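# Topology and contacts: notes
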Amino acid sequence: MSTTVNRQFRLAARPVGLPKRNDWNLVEEPLREPGDGEFLVRIEYISLDPAMRGWMNEGKSYVPPVGIGEVMRAYAGGEVVASRHPKFAVGEHVAGTFGVQEYARSNGKGITRVDTKLAALPVYLGALGMPGMTAYFGLLDVGAAQSGDTVVVSGAAGAVGSIVGQIAKIKGCRAVGIAGGAEKCRWLVDELGFDVAIDYKGEDVKAALKRHCPQGINVYFDNVGGDILDAALTQLAMHARIVVCGAISQYNTTAPVKGPSNYLALLVCRARMQGMVVFDYAARYADAAHEVAGWIAQGKLKTREDIVDGFETFPDALLKLFSGENTGKLVLQVT
Ligand code: NAP
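Residues numbered from 1 in each chain as written. Predicted model: local features only at pLDDT ≥ 70, side-chain atom pairs only at ≥ 80, totals over all residues. Heavy atoms only, no water.

## Quick word on the site of the ligand
Taken together, 27 residues form the shell around the ligand, and within it V160, K184, Y200, Y251 and N326 come nearest. Here an oxygen atom of the ligand sits 2.9 Å away from a polar atom, N or O, in the main chain of N223. Elements that contribute at least two residues to the shell around the ligand include exactly α2 (130–142), α3 (159–170) and α9 (314–323). For the shell around the ligand, the per-class residue count stands at 16 nonpolar, ten polar and one charged. (Near = heavy atom within 4 Å. Polar contact = N/O pair within 3.5 Å; in protein donor to acceptor, adjacent residues only side chain to side chain. Helix = DSSP H or I, 4+ residues; strand = E, 2+ residues; numbered from the N terminus. Nonpolar A, V, L, I, M, F, W, Y, C, P; charged D, E, K, R; others polar.)

This is the structure in structure tokens:
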């Protein structure tokens, strides 16, 4: 190891609204050698995920909040640079919940080995990682998408949404994306093969859904919540499935979360609205990732990583998710 210092972003305060630079402290701590049964990872890429905003809040959720003073939780990928672990050797690449720091020690629990000959490391934080698994299981298990279905996905040009629409096409569905801006919509249709893309910043979403989904929506994969969820509820087909994957429009609100006022459409259409947490599918990740890797290799599924450079830019880089500056999977490059 050439350095003796590990830089880390530690949570300093619980944000109110959008996170601010001083909600974290950038600290340096001495780099410690791995103990018995441990290895040390030099982190190369850190995944920036909307969920990180939720992890900063106090209160009950599907994982405990990050404690004040703790290293900010994040998925990341890097190279093993020292090892006293029997199963992880120096030079191997790995991905796991290593946190927003330059180095992490690990005992190997929950860590995925990464084959960088198969795909570049950032892809394992996107299509072959947590967002890809969310798209796969959310669409196929929770959404039960079938050939011939009309699938509508919001946040369509992001990490999860861009994979949802492409898997929908692979499975013989009609894919309708909702995203912010003409360029994102062009990318979805011209390059990813979505049938239609609706620019929610420039169009009336309710009217556009009515026009583009004349037979109704069979699966609505919701990444954003709020008004777009409400609009989708007005256009459901009978026995529609709504996948509650996320609600990014609500994550930084200081007002009460805006719930759907059109929920009686569930009654009328005998529809189902179901939440999902991707971790519940961990036992099936390997098989799903194998299938997704096959689609990538066959050119049926395209991946896009939006890579931001510079460890110290982390607080600003995270905000790109909420301003919609990212297209595809947002990743912070450390080295
Ligand atoms: P992402 O879509 O790559 O990035 C976030 C995108 O959200 C932005 O690019 C922006 O795109 C859009 N957005 C931001 N504010 C918005 C608003 N007010 N209204 C509408 N759209 C807005 O993020 P991701 O990692 O793929 O995550 C997508 C969703 O899935 C999030 O809600 C996340 O929490 C959820 N998720 C859930 C699970 C689970 O297990 N349940 C796992 C992973 C992710 P535009 O330019 O189009 O606005």
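## Focus on the packing of aromatic side chains
Tallied over the entire structure, the rule returns nine aromatic pairs. Taking 5.2 Å as the distance between ring centres and 50° as the angle between the ring planes, the aromatic pair formed by F9 and F314 counts as tilted. Taken together, the residues span a long stretch of sequence, with F9 in strand β1 (residues 5–11) and F314 in helix α9 at a distance of 305 residues. Here the two residues F9 and F314 agree in accessibility, since each one is buried. Plain terms: the ring middles of W24 and F314 are 4.9 Å apart, the flat faces sit at 70° to each other, and that makes the pair edge-to-face. You can see W24 sitting in strand β2 (residues 24–30) and its partner F314 sitting in helix α9, a full 290 residues away along the chain. The same class applies to W24 as to F314, namely buried. Taken together, F9, W24, F311 and F314 form an aromatic cluster joined through their ring pairs. Sitting over the ring of W55, R73 keeps its end group 5.2 Å from the ring centre. (Phe/Tyr/Trp six-rings, centres within 6.5 Å; stacked < 30°, edge-to-face > 60°. Buried < 20%, exposed > 50% of the residue type's maximum accessible area, 1.4 Å probe, protein only. Lys NZ or Arg CZ within 6 Å of the ring centre and 35° of its normal.)

## So, the nonpolar core
Counting 48 residues, the largest nonpolar core has Y136, L139, V151, V164, I167 and L188 as its most contacted members. Secondary structure elements with two or more residues in this core: α2, β8 (150–154), α3, β9 (174–179), α4 (182–191), β11 (217–222) and α8 (285–297). Per-element accounting of this core gives the leading share, seven residues, to α2. Counting contributing residues per domain, this core is built from domain 1 (5–126 + 304–333) and domain 2 (130–279), each supplying no fewer than three. The residues contacting L188, other than those within four sequence positions of it, are A156, A157, A179, G193, F194 and A197. Formed by 32 residues, the second largest nonpolar core is a distinct cluster that contains M52, V66, Y75 and A76. (Core = buried A, V, L, I, M, F, W, Y, C linked by side-chain atoms within 4.5 Å. Domains from an automatic or database assignment. Contact = heavy atoms within 4.5 Å.)

## A look at a nonpolar patch on the surface
On the surface, a cluster of nonpolar side chains totalling about 430 Å² of accessible area is made up of Y263, L264, L267 and V268. Relative to the helices and strands, L264 resides in helix α7 (residues 264–268). (Patch = residues over 30% accessible without salt bridge, like charges linked within 9 Å, V, L, I, M, F, W, Y side chains within 5 Å. Areas by Shrake-Rupley, 256 points an atom, 1.4 Å probe, with all protein chains shown as cover. Salt bridge = Lys/Arg side-chain N within 4 Å of Asp/Glu carboxyl O.)

## Section: the domain arrangement of the chain
For the chain, the assigned domains read domain 1 (5–126 + 304–333) and domain 2 (130–279). Inter-centroid distance (C-alpha atoms) of domain 1 to domain 2 is 28 Å. Between domain 1 and domain 2, roughly 1,400 Å² of surface is buried when both sides are summed, and carbon and sulfur atoms account for 63% of that area. Where domain 1 meets domain 2, there are zero salt bridges. For the pair domain 1 and domain 2, the number of links is five residue pairs in polar contact (both at pLDDT 80 or more). Here the side of domain 1 that touches domain 2 gets three residues from one element, more than from any other, and that element is α9. (Buried area = accessible area lost by both parts, 1.4 Å probe.)

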